[in-house]
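As a plain string of letters, each chain reads:
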Amino acid sequence: MDGNSSAEFKELVRSRTDIVQLIGESVSLQPQQGGRVFKGLCPFHDDHNPSFTVNPERQSYKCWVCNEGGDCFSFVMKHDTLGFPETLEFLARRAHLEMPAKLRRGPAESSHKPQLYDVLMWAQDEFHNYLNSSAAGERARNYLRERGFTQATISRCKFGYSPDDWEWLIRRAKGRFDVELLFDARLVSKRSEGGGCFDFFRDRVLFPIHDERSRVVAFGGRILPDNKYENAQKYLNSVDSAIFHKSRLCFGLAWAREAIKKSKTVLVTEGYTDCLKVQQAGLMNAVATLGTALTDSHVTLLKRLAGKVVLVYDGDKAGKDAAERSLSKFLAQDVDLRILTLPGDLDPDEFVTAHGAKALEKLIDSAPEVAEYELRVLIGRHGTETIDARMRILDGMLQLLIMSPGIVGTVKEDMLIGRLPQRLGLSESDVRRRLKEMRGEHQNRLIRTTERRVSATEPTGESPQHRWRPAILSLQQTQSKDDLLECELLQLLFTSPDIVDAVRREIGTDDFKNEVLQELLTVCFDLSDDGQLPSFDKVLTRLECPDLKGLIVWIDEQAREREIAIRLAQDAAREGDDSFNGLLRQVLDGLKWRRTQDSHRAAQGRLIERPRESASLTQETLDLLKQASQFHQRRSSRKV
Ligand SMILES: [Zn+2]
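Structural notes, computed from the coordinates. (Residues numbered from 1 in each chain as written. Predicted model: local features only at pLDDT ≥ 70, side-chain atom pairs only at ≥ 80, totals over all residues. Heavy atoms only, no water.)

1. Let's talk about the coordination of the zinc ion
Four donors placed tetrahedrally around a metal ideally meet at 109.5 degrees, and six donors placed octahedrally ideally meet at 90 or 180 degrees.
Part 1 of the argument: Protein-derived coordination of the zinc ion comes from Cys42 (SG), His45 (ND1), Cys63 (SG) and Cys66 (SG), at a distance range of 2.0 to 2.3 Å.
Part 2 of the argument: For the zinc ion, the four donor atoms are set out with angles of 102 to 117° between them, so the coordination reads as tetrahedral.
Part 3 of the argument: If you list the donors of the zinc ion from N- to C-terminus, the spacing comes out as C-x2-H-x17-C-x2-C.
Part 4 of the argument: When its relative accessible area of 0% is taken as the criterion, Cys63 is described as buried.
Part 5 of the argument: For Cys66, a relative accessible area of 27% corresponds to the partly exposed category. (Donors = N, O, S within 2.8 Å, 3.2 Å for Na, K, Ca; no water. Tetrahedral: all angles 85-135°; square planar, octahedral: opposite > 155°, others 65-115°. Buried < 20%, exposed > 50% of the residue type's maximum accessible area, 1.4 Å probe, protein only.)

2. Things to note about the pairing of strand β9 (residues 204-210)
Part 1 of the argument: The buried fraction of β9 is high, at seven of seven residues.
Part 2 of the argument: Side chains of β9 alternate between two faces, with Arg204, Leu206, Pro208 and His210 and Val205, Phe207 and Ile209 buried alike.
Part 3 of the argument: Bridge count between strand β6 (residues 160-162) and β9: three bridges; the pairing is antiparallel. What sits directly across from Ser162, in β9, is Arg204.
Part 4 of the argument: Sheet analysis places β9 next to strand β10 (residues 216-223), joined by seven bridges and oriented antiparallel. Among the inter-strand pairings, Phe207 is bridged to a residue of β10, identified as Gly220. (Helix = DSSP H or I, 4+ residues; strand = E, 2+ residues; numbered from the N terminus. Pairing = 2+ DSSP bridges.)

3. A closer look at the sheet that holds strand β15 (residues 336-341)
Part 1 of the argument: Spatially, four strands are ordered β13-β12-β14-β15 in an open sheet, and the strand pairing comes out parallel. This sheet does not close on itself; its edge strands, each paired only once, are β13 (286-288) and β15. Within the sheet, the average angular offset between the axes of one strand and its neighbour, ignoring direction, is 25°.
Part 2 of the argument: In the sheet, strand β12 (residues 265-269) pairs with strand β14 (residues 308-313) via four bridges, with the strands oriented parallel. Looking at β14, one finds that Val266 is bridged to Val309.
Part 3 of the argument: Sitting on the sheet, helix α15 (residues 348-365) is in contact with β12, β14 and β15, with an inclination near 150° to β14. (Axes fitted to C-alpha atoms, helices over the stretch in contact; angles between N-to-C directions. Contact = heavy atoms within 4.5 Å.)

4. A short note on the nonpolar core
Part 1 of the argument: Counting residues in each nonpolar core, the largest one holds 61 residues, and the members touching the most others are Leu144, Phe159, Leu187, Phe219 and Leu360.
Part 2 of the argument: Residues from two domains meet in this core; each of domain 2 (113-237) and domain 3 (253-367) gives at least three.
Part 3 of the argument: Leu492, Cys524, Phe525 and Ala559 belong to the second-largest nonpolar core, a separate cluster that totals 43 residues. (Core = buried A, V, L, I, M, F, W, Y, C linked by side-chain atoms within 4.5 Å. Domains from an automatic or database assignment.)

5. Quick word on the packing of aromatic side chains
Part 1 of the argument: Going through the model one piece at a time under the given rule, you end up with 23 aromatic pairs.
Part 2 of the argument: Relative to Phe52, the ring of Phe44 has its centre 6.3 Å away and its plane inclined at 65°; by these criteria the two rings are edge-to-face.
Part 3 of the argument: With a centroid separation of 6.5 Å and an interplanar angle of 50°, the aromatic rings of Phe52 and Phe75 are classed as tilted. Linking Phe52 in strand β3 (residues 52-55) with Phe75 in helix α3 (residues 72-79), this pair joins segments that are 23 residues apart in sequence.
Part 4 of the argument: One aromatic cluster is present, formed by Phe127, Tyr130, Tyr161, Trp168, Phe200, Phe201 and Phe219 through successive ring pairs.
Part 5 of the argument: Sitting above the plane of the Trp64 ring, Lys62 keeps its charged end 5.5 Å from the centroid.
Part 6 of the argument: Its end group placed over the ring of Trp255, Arg156 keeps NZ or CZ at 5.3 Å from the ring centre. (Phe/Tyr/Trp six-rings, centres within 6.5 Å; stacked < 30°, edge-to-face > 60°. Lys NZ or Arg CZ within 6 Å of the ring centre and 35° of its normal.)

6. Overview of unusual backbone geometry
Backbone phi values are negative for most residues with the exception of glycine, while trans is the configuration of most peptide bonds.
Part 1 of the argument: Within the chain, Asp203 stands out as a residue other than glycine whose phi angle is a positive 55°.
Part 2 of the argument: Positionally, Asp203 belongs in the loop between β8 (197-199) and β9.

7. A closer look at the packing of helix α17 (residues 387-403) against helix α18 (residues 411-424)
Part 1 of the argument: Running from N to C, α17 and α18 cross one another at 175°; their axes reach a closest spacing of 11 Å. Considering their axes alone, α17 and α18 lie roughly antiparallel with respect to each other. Residue-level inspection shows Arg390, Ile393, Leu394, Met397, Leu398 and Leu401 of α17 in contact with α18, the latter providing Glu413, Leu416, Ile417, Leu420 and Leu424.
Part 2 of the argument: Broken down by class, the residue content of the contact of α17 with α18 amounts to nine nonpolar, no polar and two charged. (Parallel < 35°, antiparallel > 145°, perpendicular 65-115°, else oblique. Nonpolar A, V, L, I, M, F, W, Y, C, P; charged D, E, K, R; others polar.)

8. Here's the deal with the pattern of salt bridges
Part 1 of the argument: Applying the stated criterion across every chain yields a total of 46 salt bridges.
Part 2 of the argument: Close ionic contact of Asp71 with Lys549 constitutes a salt bridge, the shortest N to O distance being 2.9 Å. Of this pair, Asp71 sits in the loop between β5 (69-70) and α3 while Lys549 is found in helix α25 (residues 546-561), placing the two residues 478 residues apart along the sequence. Of the two residues examined, Asp71 and Lys549, each falls in the buried class.
Part 3 of the argument: Through salt bridges with shared partners, a single ionic network connects Asp482, Glu486, Lys513, Arg594, Asp598 and Arg601. (Salt bridge = Lys/Arg side-chain N within 4 Å of Asp/Glu carboxyl O.)

The analysis is restricted to geometry; functional conclusions fall outside its scope.
Below, the structure written as structure tokens:
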């Protein structure tokens, strides 16, 4: 059977993947209980207290708030939004394992993200070598030297140069990579007429852009100052692709990660050259957004790594505007967000070049947090002399509060409001009254837009990928007595898989009523058909649906909470070798009793439906009555 070797390969990949390390690449994890579990902020919901635990022994993860859970496969599937085959391929590569030929995916079957990473990595080396060793690269080398980049930075970050040639890369790729793949990686553009492609970057110094797993996903290109083109764009970034999303990516994160964790602070600049220069100056905890304002996904990503985020912006007007645009969104986030605008209209690159890293560090330490920053900006703009000016400042500050989701009634809100009366010479009741007014207006506006939006959207169909989700949610929210019993049997199986044969002698999959739990039991029995024990990790590996994986981690966690293993061991100690003891006996009896009850109920139904019979009862009726009386006897003798 083909499935077997695929299961074995999955198992191999799983055993070569350390889940703590894997998840640690995107979530800052702290060891607890002497390293028996690791905790961090959940990447799957807007987490404020660390609710996300990773269990190295079980090689599983679990969020106690949003109930996401699973193994290394489901983590990558969810976190990187990949399908299962791509995830397997990704983790196999990561573990330096070769995919068995029959598991390799055909081109039609899947996206080709792994090939995109390959071609971009290859291009990075081509550009880098060309910069370092070609005669034509001389101009680029001079430019980088003038910009103050050291050879160490150039080598570490693999800067490159693409010559002034429309088909240089296309020629280099001949026989190695298809031009369509170059296009999908955004290394070439298609000609608008006559077909064919041409190099996307020409006569540019190239700065490779990596994702958080250190894979090249794009390039940023700076045109050389003495280029022959008219009106060439100074900076040109790769266009978004299947693996590159400008608005989500933090440039430099792969290099900055360790320093961020250490300092618990991340510096965010607005462009990659600023970030690179700040890193070169010794502040390795710098990252950059790629020409976009800070987005929610940036903050969500960064706050998992550091408690303090400092936006380091140019001192010029554009920099100040950029800082202000995104403020309200982050006010309520449980992250210490600070804004630093540099003095003298300098950008971060110019500032560290002129004053050094120590001076920048000093400014960073005293950077104001968001609300204080906004207050200073507003006071600077309006002054505080007139009542009118002070009311404008008040409205500006309250606007910030109103636009920030989730802040109502929090300590943070109180603190923010608390400082306003004194700074603006107003009474606190005035401030609160104005806030209430503005919130009311805002609410009405929201209701009106929501109504418009609701009437505009069509109901959407249920995605087949999540067909189990509703059943799982209802199970996790309200576990009925029946569900509990079925979960218990699964817990026993995961804890002590060698009981499977004994279980199968008494119970079949149709004894389960809950369809998702039945699905899990079926997987357990399938494994045992294949001669394997249905242990927690075997079942986890065999399941491909992330929702089901999450469910079994949830069930398994309950087993630990309820100390199933300890109770089983106690039972075994008490009863000797007999595996049919205590807890297991109880659960099996419970399930069998339920079966008896159900058939009694069915029989009663049949009794009621029978046409009225005269003095003599038919044999069938007599049998049903006998069954019923046996049932009642058994019920009364059952321990309650
Ligand atoms: Zn969560």
